[in-house]
Amino acid sequence: MTTQVIVVNGGSSSGKSGIVRCLQEVLPDPWLAFGVDSFVEALPAKTQGSDGGITFAADGGVSVGAEFRALDAAWTEGIAAMARAGARIIVDDVFLGGPHSRQRWQKALAGLDVLWVGVRCDGAVAAGREIARGDRVRGMAASQAHLVHEGVSYDVEVDTTHTESLECARTIAAHV
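Fair warning: this is a prediction, and the values are worked out from it, not measured in the lab.

## Observations concerning the nonpolar core
Part 1 of the argument: With 25 residues, the main nonpolar core has Val-5, Val-7, Val-40, Val-91, Trp-105, Leu-109 and Val-114 as its most contacted residues.
Part 2 of the argument: Mapped by element, the contributors of at least two residues to this core are β1 (5–10), α2 (36–42), α3 (66–84), β5 (89–93), α4 (99–108) and β6 (114–120).
Part 3 of the argument: Broken down by element, the residue count for this core peaks at 5 residues, all from α3.
Part 4 of the argument: Leaving out residues up to four positions away in the same chain, Val-7 has contacts with Val-91, Phe-95, Leu-109, Val-114, Leu-115, Trp-116 and Val-117.
Part 5 of the argument: Within the second largest apolar cluster, 17 residues are counted, among which are Val-8, Leu-23, Leu-27 and Ile-90.

## Brief notes about the pairing of strand β7 (residues 156–159)
Part 1 of the argument: Every second residue of β7 is oriented toward a common face, the buried set being Val-156 and Val-158 and the non-buried set Glu-157 and Asp-159.
Part 2 of the argument: Across 4 bridges, the pairing between β6 and β7 is parallel. Bridging across to β7, Val-117 finds its partner in Val-156.

## Describing the side chain of Gln-144
Part 1 of the argument: If you trace the backbone, Gln-144 turns up in helix α6 (residues 140–147).
Part 2 of the argument: In contact with Gln-144, not counting residues within four places along its chain, are Gly-11, Ser-12, Val-62, Val-94 and Leu-96.

## Section: α6
Part 1 of the argument: Every buried residue of α6 is listed here: Met-140, Ala-141, Gln-144 and Ala-145. Here the buried residues of α6 occupy an arc of 130° about the axis, which is enough to place them on one side.
Part 2 of the argument: Structurally, α6 contributes buried residues whose contacts are with β3 (54–56), β4 (62–64) and α5 (123–133).

## Focus on the UniProt feature "active site" (unreviewed entry) in the chain
Part 1 of the argument: Per the UniProt entry, the sites bearing "active site" (unreviewed entry) are Asp-37 in this numbering.
Part 2 of the argument: Relative to the helices and strands, Asp-37 resides in helix α2.
Part 3 of the argument: Exposure remark for Asp-37: the relative accessible area of 34% places this residue in the partly exposed category.

Analysis parameters
Residues numbered from 1 in each chain as written. Predicted model: local features only at pLDDT ≥ 70, side-chain atom pairs only at ≥ 80, totals over all residues. Heavy atoms only, no water. Core = buried A, V, L, I, M, F, W, Y, C linked by side-chain atoms within 4.5 Å. Buried < 20%, exposed > 50% of the residue type's maximum accessible area, 1.4 Å probe, protein only. Helix = DSSP H or I, 4+ residues; strand = E, 2+ residues; numbered from the N terminus. Contact = heavy atoms within 4.5 Å. Pairing = 2+ DSSP bridges. Arc of directions from axis to C-beta. UniProt positions renumbered as here; feature names shortened; annotations may be inferred.

Set out below in structure tokens:
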């Protein structure tokens, strides 16, 4: 069976988005990319900063409520439906719930051939990228650098601390 979905997990500012763009270039077939950042941006404004939606704490912590979880479940199932309809999909996610986050994707993607990818980056390096980006709550990158990988297993892992996105993408593509 050939890979239908690539799920890329890593902390904020770890380099996932750059890797995903490079994967779209190096893979021979067209792949659609969907990221958790786009999902969060698509949420109604009233869910951002609310108990039921998503809240970003001053220290970089993230908490989500029931409305967020319901919309996230629909988003996850929608991506799985596109893959079942024949689209090749790359998912850029942040597993704040560790193994539970992976399990929600495993459930939605049941029956599909999935490549699980971990993107690691030293917390201090990711924190520097976070500052340079200027669009993240400070502390998010450092707090997520290890948290998102706790208890999660992968088919392939890359580390962007000293490795460029294109080289990481080529490593991942070799496993597709």
